[in-house]
Amino acid sequence: MNDNLPRGTICIEDLEIGMTRHLRKEITDRDIELFAEVSTDRNPVHLDDAYAQDTIFEGRIAHGMLTAGLVSAVIGEQLPGHGTIYMGQSLKFMAPVRPGDVVLAEVSVLTIDYAKRRVTLDCRCSVGNTTVLKGEATVLAPSRKFD
């Protein structure tokens, strides 16, 4: 269920305000289990059906940072892409992502500082019409002059 755009690099010289890239991914039980293993975050709200049923979410949810990782994938693979260096990221978690949900992660260029190679990106993830995550990233974009 991935309709990911081509991977590669968009150098800062070619970036434009409003440029947007995205990926779409179904979040599986295996994704959640692997993220728990890699991160060591084994909060039972992610892994234990019975426990999660008694929470405000009334069922298991994906780790918020697993969803945020999809934003990182768009930035690192598509916009600006390979060679990009993360400098900062703000995140607001708006709604839960559940196993089986298809998440659309979208990244758009907000500002470009050509002299410093700094780019501010609007980042959001949605499931259907529901925004589940939003934030802003600051990155150092690759440049033809330096790479």
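Remember, it's a predicted structure, so these values are computed and weren't measured experimentally. (Residues numbered from 1 in each chain as written. Predicted model: local features only at pLDDT ≥ 70, side-chain atom pairs only at ≥ 80, totals over all residues. Heavy atoms only, no water.)

Participant: Is there a simple way to think about the pairing of strand β3 (residues 102–113) in this case?
Facilitator: Consecutive residues of a regular strand have side chains that alternate between opposite faces of the sheet. Across seven bridges, strand β1 (residues 20–26) lies against β3 in antiparallel orientation. Its bridge partner being in β3, L23 is matched across the sheet by A105. Where β3 lies against strand β4 (residues 118–127), nine bridges are found, and the strand directions are antiparallel. The residue bridging T111 from the neighbouring strand is T120, located in β4. Here β3 hands over to β4 after four residues, with R117 in that stretch at a positive phi of 65°. (Pairing = 2+ DSSP bridges. Helix = DSSP H or I, 4+ residues; strand = E, 2+ residues; numbered from the N terminus.)

Participant: I'm lost on the pattern of salt bridges in this one. Help?
Facilitator: Pairing between side chains of opposite charge can happen when the charged atoms of each approach one another. Considering all chains together, one arrives at six salt bridges under this definition. With a closest N to O distance of 2.7 Å, D31 and K25 form a salt bridge. Under the relative-accessibility criterion, D31 is labelled buried at 17%. For D49, the salt bridge identified is with R60, shortest N-O distance 2.9 Å. One end of the pair, D49, is in helix α3 (residues 49–53); the other, R60, is in the loop between α3 and α4 (64–77), with 11 residues separating them in the sequence. Salt bridges sharing common partners tie together D29, D49 and R60. (Salt bridge = Lys/Arg side-chain N within 4 Å of Asp/Glu carboxyl O. Buried < 20%, exposed > 50% of the residue type's maximum accessible area, 1.4 Å probe, protein only.)

Participant: When you look at α4 in this model, what are you seeing that I'm missing?
Facilitator: Under the 1.5 Å per step criterion, the end-to-end length of α4 is 20 Å for 14 residues, consistent within 8% with the ideal 20 Å. On the buried face of α4, the contacting elements are β1, α1 (29–39), β2 (85–93), β3, β4 and β5 (130–140). (Expected span 1.5 Å × (residues − 1). Contact = heavy atoms within 4.5 Å.)

Participant: Just checking my understanding: could you explain the UniProt feature "domain: MaoC-like" (unreviewed entry) in the chain for this structure?
Facilitator: As recorded in UniProt, the feature "domain: MaoC-like" (unreviewed entry) lies at residues 23–111. Summarising residues 23–111: 38% helix, 26% strand, and an end-to-end C-alpha distance of 21 Å. (UniProt positions renumbered as here; feature names shortened; annotations may be inferred.)

Participant: Is there a simple way to explain the nonpolar core in this structure?
Facilitator: Generally speaking, a soluble globular protein has its nonpolar side chains buried in company with each other. Ranked by internal contacts, the top residues of the largest apolar core, which has 31 residues, are L15, I27, I75, V107, V109, V119 and L121. Mapped by element, the contributors of at least two residues to this core are α4, β3, β4 and β5. At six residues, α4 tops the list of elements feeding residues into this core. Not counting chain neighbours up to four residues away, the residues in contact with I75 comprise P80, G81, T84, Y86, Q89, V107, L121, C123, A137 and V139. (Core = buried A, V, L, I, M, F, W, Y, C linked by side-chain atoms within 4.5 Å.)

Participant: How should I be thinking about the environment of H63 in this particular structure?
Facilitator: Within the secondary structure, H63 is located in the loop between α3 and α4. Sequence separation between H63 and K116 is 53 residues, and the spatial gap between their C-alpha atoms is 34 Å. Residues within four places of H63 in sequence aside, it is in contact with I32, F35, A36, D41 and H46. A distance of 2.9 Å separates a polar side-chain atom of H63 from the backbone oxygen of D41. (Polar contact = N/O pair within 3.5 Å; in protein donor to acceptor, adjacent residues only side chain to side chain.)

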